[in-house]
Amino acid sequence: MKVIFEFDDYKQYVRDLILLMPKKGRGQYKLLGEYLNIGSVVTSQVFNGDKELTPDQAFLCAEFLGLNDLEREFFILLVNYSRASHYKLKDFYSDQIKEHRKKALSLSSHMKKSTVISDEAKQIFYSDWSYSAISLATCIDKIKSADDVARYLKLDLIEVKSKLNFLLQHNLVVEKEDGLALGTGTTFLDKKSPLLNSHRKNWRIKGMEDLSRKDSLFLVAPLCLSKKLRKKLHANLLKVINETLEDISKEDAEELVCLNIDLFPV
C-alpha cells in the first residue's frame, strides 16, 4: 500500500495507488471521473497533465480513495501546494506539509503500514462474517486465488469474487505475483462503535453452525465464584490471548479459526 505521507506530489500518489489496484487499475480513472463529476477526459488531464484538482474535487478524490481524516488533510495540502503560484503561498503550504508529515509519521508505525477504511466501507465489511473470513484466509500459504478461498470456506465462487473485489479496493486484500495476500488496510473499530456488536453476532452465529465439530471447543460454564476469582479469570484469559497474538507473527498461517470468549456477571 502506498503511504501518502511519503509523497510530495498528489498526482504521483494517485497514479501509483491505482496501479496497485486489481488489473492495474483498469477502469478506475473512469470511476474516479464519475465520482468527481468531471468525466474521464478531464480526469486524464489532471493526473497525466497540467490541470489541477479544485479544492472540492480534492476532497471528493480523497473520499473515493478511502483516505482517513489525517490522510485526507495531507492530500488536500498537496493539492493546494500544487495549485499555488506565488512562492510565498507555496512556502506556506510546504511548511504545513512538513508539519503534517511529521505528525502523521510520529503517531505510530501502524499509520505507515495501514489505512483505516471509511465508515461506509465498514458498514459493508461488518454486514457479514465472510468479509473478514475471506480477508484472513489469504494469510494461509496454500490460498492464492478466489477458487482457493471458495473451496476453503465452502462459499459460492461468485459471492467470493464479488467480496474479494471489495476487499481489494480497500486494500484489505492485495494481489501479488504469486496470488492473493492479506493487505495492510485495517477495519479498526472503536469500542463504542455500533458495528462492534454486529461483528460479534456474525461470528457467533457462524460458530453455532459448527457446534458438532469434534475438533472445536465450545464451552458453556455458568459458575458461582467470588468477584476476586472472576477478576483473576478475566486477567488470565487476557494474558493467554495476548501471548497468542504475540506468537502469531512467529508461525506460518495454516488454518483460519475464530476465537469467541464470553465472560460476564449475570
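Structure first, text after, so check above.
Residues numbered from 1 in each chain as written. Predicted model: local features only at pLDDT ≥ 70, side-chain atom pairs only at ≥ 80, totals over all residues. Heavy atoms only, no water.

Caption draft 1: Examining the overall build of the protein more closely. When helices and strands are tallied, the protein shows 13 helices and two strands. Of all 266 residues assigned to the protein, the portion counted as buried reaches 35%. Considering only intrachain contacts with a sequence separation of at least 6, the fraction spanning at least 24 residues in the protein is 60%. Approximately 17600 Å² of the protein is accessible, and the part contributed by carbon and sulfur atoms is 53%. If you average the places of the 41 positive and of the 38 negative side-chain charges in the protein, the two averages end up 5 Å apart. (Helix = DSSP H or I, 4+ residues; strand = E, 2+ residues; numbered from the N terminus. Buried < 20%, exposed > 50% of the residue type's maximum accessible area, 1.4 Å probe, protein only. Contact = heavy atoms within 4.5 Å. Areas by Shrake-Rupley, 256 points an atom, 1.4 Å probe, with all protein chains shown as cover. Lys, Arg positive; Asp, Glu negative; His and termini not counted. Charge placed at Lys NZ, Arg CZ, Asp CG, Glu CD.)

Caption draft 2: Just the pairing of strand E2 (residues 179–182), in detail. In terms of strand pairing, strand E1 (residues 173–176) meets E2 through four bridges, oriented antiparallel. Opposite Glu 175, over in E2, you have Leu 180 as the bridge partner. (Pairing = 2+ DSSP bridges.)

Caption draft 3: Region of the structure containing the packing of aromatic side chains. Under the definition given, this model contains eleven aromatic pairs. Pairing Tyr 35 with Phe 64 gives two aromatic rings, centres 5.5 Å apart and planes at 55°, and the pair type is tilted. On the criterion of sequence distance, the pair formed by Tyr 35 in helix H2 (residues 28–36) and Phe 64 in helix H4 (residues 55–64) is long-range, its members being 29 residues apart. Seen from their ring centres, Phe 125 and Tyr 126 are 5.0 Å apart, and the 85° between their planes marks the pair as edge-to-face. For the pair Phe 125 and Tyr 126, a shared accessibility class is recorded, and that class is buried. Above the plane of the ring of Tyr 81 lies Lys 90, whose end atom (NZ or CZ) is 4.1 Å from the centre. Between the NZ or CZ atom of Lys 163 and the centre of the ring of Tyr 131, over which it lies, the distance is 4.9 Å. (Phe/Tyr/Trp six-rings, centres within 6.5 Å; stacked < 30°, edge-to-face > 60°. Lys NZ or Arg CZ within 6 Å of the ring centre and 35° of its normal.)

Caption draft 4: Local environment of the environment of Phe 64. For Phe 64, a relative accessible area of 22% translates into the label partly exposed. Residues in contact with Phe 64, not counting those within four places in the same chain, are Gln 28, Leu 31, Leu 32 and Tyr 35.

Caption draft 5: Just H4, in detail. Those residues of H4 that fall on the buried side of the exposure criterion are Gln 57, Ala 58, Cys 61 and Ala 62. Buried residues of H4, viewed axially, fall in a sector of 140°; they line one side. Check the buried side of H4 and you find it contacts helix H1 (10–19), H2, helix H3 (39–47) and helix H5 (69–83). Looking at the residues trailing H4, positive phi occurs at Gly 66, about 75°. (Arc of directions from axis to C-beta.)

Caption draft 6: Structural view of the environment of Trp 129. Along the chain, the position of Trp 129 falls in helix H9 (residues 129–137). Separated by 77 residues in the primary sequence, Trp 129 and Lys 206 place their C-alpha atoms 7.4 Å from one another. Setting aside its immediate chain neighbours within four residues, Trp 129 contacts Leu 155, Asn 202, Trp 203 and Lys 206.

Caption draft 7: Examining the packing of helix H10 (residues 146–153) against helix H11 (residues 157–169) more closely. Between H10 and H11, the least distance of the axes is 9 Å, while the angle of their chain directions is 120°. Classed by the angle they form, the pair H10 and H11 counts as oblique. Of the two possible hands of crossing, H10 and H11 adopt the one that is right-handed. Here Ala 146, Asp 147, Val 149 and Ala 150 of H10 lie close against H11, whose contacting residues are Leu 157, Val 160, Lys 161 and Leu 164. Counted by class, the contact of H10 with H11 contains six nonpolar, no polar and two charged residues. (Axes fitted to C-alpha atoms, helices over the stretch in contact; angles between N-to-C directions. Parallel < 35°, antiparallel > 145°, perpendicular 65-115°, else oblique. Left-handed = near helix turned anticlockwise from the far one by under 90°. Nonpolar A, V, L, I, M, F, W, Y, C, P; charged D, E, K, R; others polar.)

Caption draft 8: Spotlight on a nonpolar patch on the surface. Taken together, the side chains of Met 208, Leu 211 and Phe 218 present a nonpolar region at the surface, about 330 Å² in accessible area. Mapping Phe 218 onto the fold places it in the loop between helix H12 (195–208) and helix H13 (227–248). In this structure Phe 218 comes out as partly exposed when scored by relative accessible area, which is 40%. (Patch = residues over 30% accessible without salt bridge, like charges linked within 9 Å, V, L, I, M, F, W, Y side chains within 5 Å. Salt bridge = Lys/Arg side-chain N within 4 Å of Asp/Glu carboxyl O.)

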